[in-house]
Every structure is written in structure tokens, then in C-alpha cells.
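Descriptive analysis of the structure
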Amino acid sequence: VQLQASGGGTVQPGGSLRLSCTASGRTSSRYGVGWSRQAPGKAREFVAAISWSGGGTLYADSVKGRFTIARDSARDTVYLQMNSLKAEDTANYYCAVALAFSVVLTTQSRNYNYWGRGTLVTVSS
């Protein structure tokens, strides 16, 4: 499975961005998808995850109420809508696939099998 993340950019505090993550290759298996981020000099942290059906979602406390994860299974694409962005949201954002977590969601990086390259989000005035 190959993952392509896109949609990053520079935005002012309070602004919005929508990230996309498109899967290709062996996408016939059911899988959960998660977003994580890594700021310069900091450890990677979990942001959000979504189940195969799209009916289950999980968010980090730091983004709850501001970010929304959704998926379009017909397009093998997962979106991360980010609103009310703050300077502390600045990071490289990565999407990943968890083959064993298509229903029950996971925040642990070790449970994700495939990772895409990051897309940079910069929140600055």
C-alpha cells in the first residue's frame, strides 16, 4: 500500500486547511487510517484515526473540536479538516494505514503498517 498525503501549506492562526491521504496498491483489505504529526525537535504524536466504515473516529485531546477526520472509501481517500488552527499545530503531518485496526482504532504508531510522506503545515502570522 502506498500513501500520498497532500494539502499542507501556510495559514494564519484561526485559519483552516484540509489534508488528503490517498491510498494505492493493495487497497482491497479493510484498514483503519490515522494521522500523526511531528513538530521540529519533538516526538511524533497521534492526531486522529478513522475506521474502515468511517463510523468510528478518534481524536487527540489537543485537536478535539477543531479537526475532523473523514473518508471516501470509493476513492481510497481520507481527509483531515483542520479548523481554528494554532501556532502549535505547525508540524509535518503523516497519514498511515493500520491493517489490524479497521474497526477498533489505535493511537499507537507501532500499530500502523504503512506510512506516507509528510505534508507540512505551518501556522504563522
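What this report covers is the structure whose coordinates are included nearby. Since the model is a prediction, treat every value here as computed from it, not as a measurement.

Further remarks concern the pairing of strand β11 (residues 119-123). Of the two faces of β11, only one is covered, namely that formed by T119, V121 and V123; the face formed by L120 and T122 stays uncovered. In the sheet, strand β2 (residues 9-11) pairs with β11 via 3 bridges, with the strands oriented parallel. Its bridge partner being in β11, G9 is matched across the sheet by V121. Of the strand pairs in this sheet, strand β9 (residues 91-98) and β11 are connected by 3 bridges, and their pairing is antiparallel. Paired with A91 across the strands is V121, a residue of β11.

Pairing of strand β1 (residues 2-6) with strand β3 (residues 17-24) involves 5 bridges; the strand directions are antiparallel. Its bridge partner lying in β3, S6 is registered against S20. As judged from the 6 bridges shared by β3 and strand β8 (residues 77-82), these two strands associate in the antiparallel manner. By the bridge assignment, T22 is partnered in β8 with T77.

Counted under the stated rule, the structure contains 5 salt bridges. Close ionic contact of E45 with R37 constitutes a salt bridge, the shortest N to O distance being 2.6 Å. Take E45: its relative accessible area is 34%, and that puts it in the partly exposed class. By relative accessible area, which is 5% here, R37 ends up buried. Ionic pairing is found between D61 and K64, a salt bridge with its closest N-O pair at 3.1 Å. Given the relative accessible area of 65%, D61 is considered exposed.

So, how was this worked out
Residues numbered from 1 in each chain as written. Predicted model: local features only at pLDDT ≥ 70, side-chain atom pairs only at ≥ 80, totals over all residues. Heavy atoms only, no water. Buried < 20%, exposed > 50% of the residue type's maximum accessible area, 1.4 Å probe, protein only. Helix = DSSP H or I, 4+ residues; strand = E, 2+ residues; numbered from the N terminus. Pairing = 2+ DSSP bridges. Salt bridge = Lys/Arg side-chain N within 4 Å of Asp/Glu carboxyl O.

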